[in-house]
There are 2 protein chains.
Amino acid sequence: MVSEEIALRVTEAATSLGYRPNPIAYGLRTNRSFTVGVLVPDLTNPVFPPIMRGIEITLEAAGYTAILANSDNDAARERTILDAMRGRRVDGLIVATAHRDDPLVAECLAEETPLVLINRKMEQGNVPSVVNDDAAGIAAALDHLAALGHTRIAHIAGPLTLSTAHARYHGLIAAMKARGIAVDETLFVCCEIFNVDEGRRCCALLLDRGRPFTAIVAAHDLLAVGCYETLTARGLSCPRDVSITGYNDIPLVDRLNPPLTTLRTPLHEMGVEAARCLLERIADAHAPAREIVVATELVVRGSTAAPRAALP
Amino acid sequence: MVSEEIALRVTEAATSLGYRPNPIAYGLRTNRSFTVGVLVPDLTNPVFPPIMRGIEITLEAAGYTAILANSDNDAARERTILDAMRGRRVDGLIVATAHRDDPLVAECLAEETPLVLINRKMEQGNVPSVVNDDAAGIAAALDHLAALGHTRIAHIAGPLTLSTAHARYHGLIAAMKARGIAVDETLFVCCEIFNVDEGRRCCALLLDRGRPFTAIVAAHDLLAVGCYETLTARGLSCPRDVSITGYNDIPLVDRLNPPLTTLRTPLHEMGVEAARCLLERIADAHAPAREIVVATELVVRGSTAAPRAALP
DNA sequence: ATGAAAGCGCTAACAC
DNA sequence: GTGTTAGCGCTTTCAT
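Now for a quick tour of the structure.

Thresholds, definitions, all that
- Residues numbered from 1 in each chain as written.
- Chains lettered and ligands numbered in written order.
- Predicted model: local features only at pLDDT ≥ 70, side-chain atom pairs only at ≥ 80, totals over all residues.
- Heavy atoms only, no water.
- Helix = DSSP H or I, 4+ residues; strand = E, 2+ residues; numbered from the N terminus.
- Buried < 20%, exposed > 50% of the residue type's maximum accessible area, 1.4 Å probe, protein only.
- Contact = heavy atoms within 4.5 Å.
- Areas by Shrake-Rupley, 256 points an atom, 1.4 Å probe, with all protein chains shown as cover.
- Lys, Arg positive; Asp, Glu negative; His and termini not counted.
- Charge placed at Lys NZ, Arg CZ, Asp CG, Glu CD.
- Buried area = accessible area lost by both parts, 1.4 Å probe.
- Salt bridge = Lys/Arg side-chain N within 4 Å of Asp/Glu carboxyl O.
- Nonpolar A, V, L, I, M, F, W, Y, C, P; charged D, E, K, R; others polar.
- 1 Å grid on protein atoms, 1.4 Å probe; cavity = no way out; pocket = protein on both sides within 12 Å on 5 of 7 lines; lining within 4 Å.
- Points joined across faces, edges and corners; volume = space filled by probe spheres on them.
- Core = buried A, V, L, I, M, F, W, Y, C linked by side-chain atoms within 4.5 Å.
- Phe/Tyr/Trp six-rings, centres within 6.5 Å; stacked < 30°, edge-to-face > 60°.
- Near = heavy atom within 4 Å.
- Polar contact = N/O pair within 3.5 Å; in protein donor to acceptor, adjacent residues only side chain to side chain.
- Pairing = 2+ DSSP bridges.
- Axes fitted to C-alpha atoms, helices over the stretch in contact; angles between N-to-C directions.

Section: the overall build of chain A
Each helix and strand counted, chain A has ten helices and twelve strands in total. With the principal axes as the frame, chain A shows a C-alpha extent of 85 × 40 × 30 Å. Buried positions account for 54% of the 312 residues belonging to chain A. Taking the contacts inside chain A whose residues are at least 6 apart along the sequence as the reference set, 72% of them involve residues at least 24 apart. When the accessible surface of chain A is split by element, carbon and sulfur atoms take 55% of a total near 12800 Å². Across chain A, 30 positive and 37 negative side-chain charges occur, with their mean positions spaced 3 Å apart.

A few points about the interface of chain A and chain B
Across the contact, 50 residues belong to chain A and 50 residues belong to chain B. Across the interface of chain A and chain B, roughly 4000 Å² is buried in total on both sides, 54% from carbon and sulfur atoms. The largest per-residue losses of area from chain A upon contact with chain B belong to Arg-20, Arg-53 and Arg-88 of chain A, which jointly make up 19% of the total buried on that side. In this structure, Glu-111 of chain B engages Arg-20 of chain A in a salt bridge whose closest nitrogen and oxygen atoms are separated by 3.6 Å. Those elements that provide at least two residues to the side of chain A that touches chain B are helix 2 (23-30), helix 3 (48-61), strand 2 (65-70), helix 4 (75-87), helix 8 (196-209) and helix 9 (221-233) of chain A. Ranked by the residues each element gives to the side of chain A that touches chain B, the list is headed by helix 3 of chain A, at seven residues. Among the residues forming the side of chain A that touches chain B, the class breakdown is 25 nonpolar, ten polar and 15 charged.

With respect to the layout of surface pockets
If you roll a probe as big as a water molecule over the atoms, it shows you where there is empty space left. Residues and elements named next belong to chain B. Here the second largest pocket defines a volume of roughly 920 Å³. Taken together, 45 residues form the lining of the second largest pocket, with Asp-42, Asn-45, Ile-193, Phe-194 and Asn-195 sitting closest to its centre. Looking at the lining of the second largest pocket, the elements that each hand over two or more residues are helix 4 (75-87), helix 5 (103-110) and helix 7 (163-178).

Concerning the nonpolar core
Residues Ile-216 and Ile-244 of chain A together with Ile-216 and Ile-244 of chain B are the most contacted members of the largest nonpolar core, which totals 154 residues. Beyond its immediate chain neighbours, meaning those up to four positions away, Ile-216 of chain A contacts Ala-154, Ile-156, Cys-203, Leu-206, Cys-227, Val-242, Ser-243, Ile-244 and Thr-245 of chain A. Counting residues in each nonpolar core, the second largest holds 34 residues, with Met-85, Val-90 and Ala-98 of chain A together with Leu-93 of chain B among its members.

A few points about the packing of aromatic side chains
Pairs of aromatic rings are described using the distance from one ring centre to the other and the angle between the two planes. Using the criterion set out here, one finds six aromatic pairs over all chains in the structure. Each ring, one from Phe-34 of chain A and one from Tyr-64 of chain A, has its centre 4.8 Å from the other, and the planes form 50°; the classification is tilted. Note that Phe-34 of chain A is positioned in the loop between helix 2 and strand 1 (35-40) and Tyr-64 of chain A in the loop between helix 3 and strand 2, a separation of 30 residues in sequence. Both rings, one in Tyr-169 of chain B and one in Phe-188 of chain B, keep their centres 5.4 Å apart while their planes meet at 85°; by these two values the pair is edge-to-face. Linking Tyr-169 of chain B in helix 7 with Phe-188 of chain B in strand 7 (residues 188-190), this pair joins segments that are 19 residues apart in sequence. Of the two residues examined, Tyr-169 of chain B and Phe-188 of chain B, each falls in the buried class.

So, the protein's contact with DNA strand C
Close contacts around DNA strand C come from eleven residues, with Arg-29 of chain A together with Tyr-19, Asn-22, Tyr-26 and Arg-29 of chain B the closest. At the protein interface, 69% of the atoms of DNA strand C within 4 Å belong to sugar or phosphate. Taking Arg-29 of chain A, its side chain carries an N or O atom lying 3.2 Å from a base nitrogen of DNA strand C. Take Tyr-19 of chain B: an N or O atom from its side chain is 2.8 Å from a phosphate oxygen of DNA strand C.

With respect to the sheet that holds strand 6 (residues 153-157) of chain B
Residues and elements named next belong to chain B. Spatial ordering of the open sheet is given by 7-6-8-9, a layout of four strands whose pairing is parallel. Two strands close off the open sheet at either side, each with one partner strand: strand 7 and strand 9 (243-245). When strand polarity is set aside, the average angle formed by the axes of neighbouring strands in this sheet is 15°. Here strand 8 (residues 215-218) runs beside strand 9; their pairing, made up of three bridges, is parallel. The residue bridging Ala-215 from the neighbouring strand is Ser-243, located in strand 9.

Here it is in structure tokens:
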């Protein structure tokens, strides 16, 4: 409707004057911020950076940006953050802090904020989520240990309010029963947080209980690292005295002494899927709530071997 | 001016109706977004999560939130991201990707976007920055090696366009000269990126050059890990054949085989300082550009020992 | 089809 | 001091 040349000159002038469309004004009018909130317990847990990268790359392609916050496993902080994010009118939320029964998440859902859980799922409420196949993963670890000849197997679980911890705990018990391995619940202990200190503490607890075992299935690589330390401190050796498996295959566990047998989870891919899933729900709030389950892969390294004798 | 009771009832009604002040509208009016852009090369590099946490906790206390993006060391991506962030009207920028001479940063500065560099500084332009004391850190590593009796010392540097790499490279040379240690520049090699693969490659390169050395000063822990691998692959042992030092003390390097001697940098604290510095500049764009230098601490572990014989 | 005008939720400037 | 109004930059609706 206007001459080609004029149109060009206008565009040119606009850019040369440094014009940029203002997303704030756009957002005010359309009620959309093109912003997504990502809530993790603690970014220094090495499982989260790859997830975050997967999320970011996917959101970016769709014109969205992510705002990130750490809850430090503190419900009060989580509430503050979630409030702040909703206050900032995020278009959606990706939550890695959810408990199996999480009132904060339920609240977001009630407010119709599009939301996807990552590495967690909820019992109720049909909440979309992206998780790895915990039961299959832990069963693979058990298979491996059983094949090596282990029968007295201990487990350091995460907090059972977390779906991953819960699924691994019960998955392990189910797998043991399926293979006819005696389940001795005095060899099962739950940590408070997935970190090295807790691994150290829980391993000591297991040893102090005085029930013999030859292997520990840890629900997280960092817990396994804590076990290494306690064993060393007590003059025990892995894998000679105790075999250990971890979970997640975080960086550098392949270079520990011994290298850790663990389950590799496709963290980046999980981030990508979570972001995709969220974008779907932002586009259509009533899209069916998908639960995406990704496969894990057992990586056998030096921390597992045939049992020598039962401990302690 | 209005009765206490009415005021209370109004506030009550507001919250019960789910009223939240809309920061988008606020931002449109005031031209402030209370948002800060954080640009890192790669969040899966373990130095960045603690920095990010320090930034976040500080910004949060001031009512700001961070949006995070990874450039993957790609100038084109960096430009896109920076444009997007400025387009989103971030109130300021924290940049961990800057080169010593960085036109993109210069451009942001020219547009008067408040900006702080972290773990990087620029040669020109009086840009506020938070860095560790690279020269002192690398000198501490050298002192330690020299005290053990090393005189043939190799260096795997980072890309010299980065201020950290540059400062460590020249700091090492200066320290060697100061201690009367011969500087053989054929024992100095620069990597492209701070990661394990590059460490592996550069260590192989050093060995292939055929000049004898008994120690490697690596400019980053991940490079040191790469050295471990190449040495192992060639049937050499650390520290028996070659001592190695890293930089940053990232998680798990204390549990490698052998545990890595390295320089601990207070990453969280650096993040806090960077955010504080940025908030200052947001409050007053003409505040003096501070350059904050934090101290590092040498952590001696098993990867360094007295030299046995010169290599190869 | 094209263009004018209203309004998103808030603040700052302005009258009173 | 207190209440009113204009307007931030955009989209969308409504006249034309």
